[in-house]
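Structure at a glance
So the chains spell out like this:
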Amino acid sequence: MQRAAHTALYDWSQIVGPAVIRRCLKCRATLQQSSRAFSVIPPPRDSEEKEMLDRILRVDHAGEYGASRIYAGQMAVLGRTRTGPLIQEMWDQEKKHLEKFNEILAENRIRPTALLPLWNIAGFVLGASTALLGKEGAMACTVAVEESISEHYNSQIRALMEKDPERYTELLKIIKEFRDDEMDHHDTGLEHDAETLPGYWLLKNAIQLGCKAAIYVSQRV
Amino acid sequence: MAALLRGLRAGRALRGLGSVVATPTATTPQCSSLRRGFHCAALRLQDESKSDKPPSSSSTTYHEHYQAHSTEQDTTAASQEDSASDPAAETASGPNTSYQDQSGEQGEEYETEEQLQARILTAALEFVPQHGWSMEAIAAGAETLGLSSASTGMFYNGAGDLVLHFITHCNSQLTEILAEQHKQVQLGQAEPKETADFLRDAIETRLRMYIPYIETWPQAMSILLLPHNIPDSLKHLSTLVDDIWYYAGDRSTDMNWYTKRAALTGIYNTTELVMVQDSSPDFQDTWNFLDNRIQDVVNMATTAKQVECVVSLKNLTGLNQRR
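This is a predicted model, so every value here is computed, not measured.

This part covers the overall build of chain B. Helices and strands together make up the secondary structure of chain B, namely 14 helices and zero strands. Walking chain B from its N terminus toward its C terminus, one meets helices and strands in the order α-α-α-α-α-α-α-α-α-α-α-α-α-α. Put simply, chain B has 323 residues, and 46% of those count as buried. Looking at chain B alone, contacts between residues at least 24 apart form 67% of all its contacts between residues at least 6 apart.

Looking only at helices and strands, chain A has eight helices and zero strands in total. Secondary structure of chain A in N-to-C order comes out as α-α-α-α-α-α-α-α. The buried share among the 221 residues of chain A stands at 50%. Counting only contacts in chain A whose residues sit at least 6 apart along the sequence, the fraction spanning at least 24 positions is 80%. Accessible area of chain A: about 10900 Å², with a carbon and sulfur share of 59%.

Counting residues in hydrophobic clusters, the biggest one holds 54 residues, and the most contacted among them are Trp133, Leu162, Tyr210, Trp217 and Ile244 of chain B. Elements with a contribution of two residues or more to this core: α5 (113-125), α7 (135-144), α8 (159-186), α9 (195-208), α10 (217-224), α11 (230-248), α12 (255-277) and α13 (284-306) of chain B. The biggest single contributor to this core is α8 of chain B, with nine residues. Counting residues domain by domain, this core receives three or more from each of domain 1 (113-156) and domain 2 (160-315) of chain B. With residues up to four places along the chain from it excluded, the contact list for Leu162 of chain B reads Leu121, Ala124, Leu125, Val128, Trp133, Ser134, Ala137 and Ile138 of chain B. The next biggest cluster of nonpolar side chains, apart from the first, holds 27 residues, and it includes Ile41, Ala67, Ala144 and Tyr153 of chain A.

Our focus in this paragraph is the UniProt feature "binding site: Fe cation 1" (unreviewed entry) in chain A. Residues and elements named next belong to chain A. The sites that UniProt annotates as "binding site: Fe cation 1" (unreviewed entry) are Glu64, Glu94, His97 and Glu182. On the basis of their most widely separated C-alpha atoms, the annotated residues across 119 residues gather in one place, lying no more than 10.3 Å apart. The residues contacting Glu94, other than those within four sequence positions of it, are Glu64, Ala67, Ser68, Tyr71, Glu146, Glu182 and His185. Of note, His97 is situated in helix α4 (residues 84-107). When its relative accessible area of 2% is taken as the criterion, His97 is described as buried. Once residues lying within four places of it in the same chain are set aside, the contact partners of His97 are Glu64, Phe178, Asp181 and Glu182.

Here the structure, examined in full by the defined rule, presents 23 salt bridges over all chains. Between Arg45 of chain A and Glu49 of chain A there is a salt bridge, with its nearest N and O atoms 3.9 Å apart. Residue Arg45 of chain A is classed as exposed on the basis of its relative accessible area, which comes to 55%. Between Arg167 of chain A and Glu49 of chain A there is a salt bridge; the shortest N-O distance is 2.9 Å. Of the two residues, Arg167 of chain A is situated in the loop between α6 (135-163) and α7 (169-191) and Glu49 of chain A in helix α3 (residues 47-78); the sequence distance between them amounts to 118 residues. With a relative accessible area of 21%, Arg167 of chain A lands in the partly exposed category. Among the charged side chains, a salt-bridge network with shared partners connects Arg109 of chain A together with Asp242, Asp243, Asp250, Lys260 and Arg261 of chain B.

A separate point is the domain arrangement of chain B. Residues and elements named next belong to chain B. As assigned here, chain B comprises domain 1 (113-156) and domain 2 (160-315). Across the interface of domain 1 and domain 2, roughly 1100 Å² is buried in total on both sides, 75% from carbon and sulfur atoms. Summed over the three residues of domain 1 that lose the most area to domain 2, namely Leu121, Leu125 and Trp133, the buried surface amounts to 66% of that side. Counting the contacts that link domain 1 with domain 2 gives three residue pairs in polar contact (both at pLDDT 80 or more). Taken together, the elements giving at least two residues each to the side of domain 1 that touches domain 2 come down to α5, α6 (128-131) and α7. Looking at which element gives the most residues to the side of domain 1 that touches domain 2, the answer is α5, with five residues.

This brings us to the environment of Ala142 of chain B. Residues and elements named next belong to chain B. Within the element layout of this structure, Ala142 appears in helix α7. Assessed through its relative accessible area of 1%, Ala142 is described here as buried. In this structure, the C-alpha to C-alpha distance between Ala142 and Asp296, residues 154 residues apart in sequence, is 46 Å. Beyond its immediate sequence surroundings of up to four residues, Ala142 is in contact with Ile120, Leu147, Ser148 and Ser151.

All names here are of chain B. One non-glycine residue, Asp282, adopts positive backbone phi at about 55°. Residue position: Asp282 is located in the loop between α12 and α13. In this structure, Phe283 is a non-glycine residue whose phi angle is positive, near 55°. Within the secondary structure layout, Phe283 lies in the loop between α12 and α13.

Attention now moves to the UniProt feature "binding site: Fe cation 2" (unreviewed entry) in chain A. Residue and element names in this part refer to chain A. In the numbering used here, UniProt assigns the feature "binding site: Fe cation 2" (unreviewed entry) to Glu94, Glu146, Glu182 and His185. Of the residues just listed, which span 92 residues, no C-alpha pair is farther apart than 10.9 Å, and they cluster in one region. By the secondary structure assignment, Glu94 is in helix α4. When you line up the elements, His185 lands in helix α7. Dropping the residues within four chain positions of it, His185 is found in contact with Tyr71, Met90, Gln93, Glu94, Thr142 and Glu146.

Axis angle and axis distance: for two packed helices, these are the angle between their axes and the distance between the axes, and together they describe the pair. All names here are of chain A. Taken N-terminus to C-terminus, the directions of α3 and helix α5 (residues 116-132) make an angle of 35°; their axes are 7 Å apart at the nearest point. The handedness of the crossing between α3 and α5 is right-handed. Contact residues: α3 offers His61, Ala62, Tyr65, Gly66, Arg69, Ile70, Ala72, Gly73, Gln74, Ala76, Val77 and Leu78, while α5 offers Leu116, Trp119, Asn120, Gly123, Phe124, Leu126, Gly127, Ala128, Thr130, Ala131 and Leu132. Grouping the constituent residues of the contact of α3 with α5 by class yields 14 nonpolar, eight polar and one charged.

Moving on: the environment of Leu115 of chain A. All names here are of chain A. The residue Leu115 is located in the loop between α4 and α5 in this model. C-alpha of Leu115 to C-alpha of Ser155: the two residues are 40 residues apart in sequence and 22 Å apart in space. Contacts of Leu115, omitting those with residues within four sequence positions, involve Val217 and Val221.

All names here are of chain B. Roughly 550 Å³ of internal volume is contained in the second largest pocket. Lining the second largest pocket are 21 residues, with Trp245, Lys260, Val297, Val298 and Ala301 positioned closest to its centre. Elements that contribute at least two residues to the lining of the second largest pocket include exactly α9, α11, α12 and α13. The biggest single contributor to the lining of the second largest pocket is α13, with eight residues. Partitioning the lining of the second largest pocket into residue classes produces 13 nonpolar, five polar and three charged.

Reading the values: the criteria
- Residues numbered from 1 in each chain as written.
- Chains lettered and ligands numbered in written order.
- Predicted model: local features only at pLDDT ≥ 70, side-chain atom pairs only at ≥ 80, totals over all residues.
- Heavy atoms only, no water.
- Helix = DSSP H or I, 4+ residues; strand = E, 2+ residues; numbered from the N terminus.
- Buried < 20%, exposed > 50% of the residue type's maximum accessible area, 1.4 Å probe, protein only.
- Contact = heavy atoms within 4.5 Å.
- Areas by Shrake-Rupley, 256 points an atom, 1.4 Å probe, with all protein chains shown as cover.
- Core = buried A, V, L, I, M, F, W, Y, C linked by side-chain atoms within 4.5 Å.
- Domains from an automatic or database assignment.
- UniProt positions renumbered as here; feature names shortened; annotations may be inferred.
- Salt bridge = Lys/Arg side-chain N within 4 Å of Asp/Glu carboxyl O.
- Buried area = accessible area lost by both parts, 1.4 Å probe.
- Polar contact = N/O pair within 3.5 Å; in protein donor to acceptor, adjacent residues only side chain to side chain.
- Axes fitted to C-alpha atoms, helices over the stretch in contact; angles between N-to-C directions.
- Left-handed = near helix turned anticlockwise from the far one by under 90°.
- Nonpolar A, V, L, I, M, F, W, Y, C, P; charged D, E, K, R; others polar.
- 1 Å grid on protein atoms, 1.4 Å probe; cavity = no way out; pocket = protein on both sides within 12 Å on 5 of 7 lines; lining within 4 Å.
- Points joined across faces, edges and corners; volume = space filled by probe spheres on them.

The following block contains the structure:
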């Protein structure tokens, strides 16, 4: 048995392939442990889990970034009206979410999506153009986007729960909390006459289609 | 014939024991499937001294491998046949039929296919100055381990496998060194370096690992540029650059992530090219070139921050207005 351990240790220095990945993850894991008491996501056991977690967090990060830009666009148009403070409040919450994801990405060495500049511009343009339709337009945009995001978070929660709820408790807690915030925004939008916008149904579905496409692409690129 | 029957009986008994078998019994490790055929052959060459069975008929065929549970036939087969080119052997992960211990940390004499390949490739590295990055080097390496030179059949990618193995080895060495330095800084036993210095030292350390093979390195580089090797070499390059930036302290989560890594990749590749043509003592020209390139990038970064026109553009378009 000792000889086995000895041989295993000797070979350990020769092993390449999955063992190198394991070693690098060990280095990364030790760094995580030394810099924080606990981490939101557990050190991945293998490259498959790492890829799954990477995708989840990459798309969430992109989503919060996009949402932040949408509110920025809305504020640019409606910032000085009565709805200004309301939009500002929702924007501040999105900024908090984005900060949290920035932290997680940096800590776990996850690559952010390469399409961030695209979401930057697209989000701002979406927010600004719907705000140009008036307060109802901005609220309709909010309702559509927040509904997409909540649905997306829900499917992530389902996927993680299916895999291993205990392993991902921290991450699940965060996603649930953010999903609840997004649902609040959705309800706020509805309260503030989103549905009275003419063409509400069309706009909402168009925006949701765009969100689905954005989510699909951000997971991969 | 008696040997054959003994082998069959022993093979069946061993199968029953499954992964418990670690001690050498009367027979050598059994392998009852074609997939394990080659791997067992390689091991058997090592265990030849332990075996008390004379090798029986040498007219082995693949069919016999498939069906018979006898093991002696493989001994002679290994030294003669080209079973090494058997594609199925690649997928074996252990010499016994039990699927419990597939991680490779089994008994003392067993190792996985990957570990064996790694050992052969590491041994082959010392023959690279002599034979270049080629199958001859791998064959020579295999022979120093006591294996037949037919084991080179395990490596479909041939020289590409050797070069990629070397690259991975260098990368993991660099990661270890950087992690160690990082630990020293965190423990307060060392001063944290400036980013530019850190990058320069990291790339210098990494490129110095090529010095023993610098004569043949152009050949290695061209092997890495072959179409079927490009995905792997790009992957290793991106891991290398990501590691260096991570230990340099980069925690960006926006486009800077990409621009920083792109810049460092450019620096690394050009410096590598300069190095293979460098004939100055201790590659001093290369390190000077590296210094200059890193300085360029640092200058560009600081200038971008200071550029006036960005601010005035913002003023023009009204983006700086306070709302």
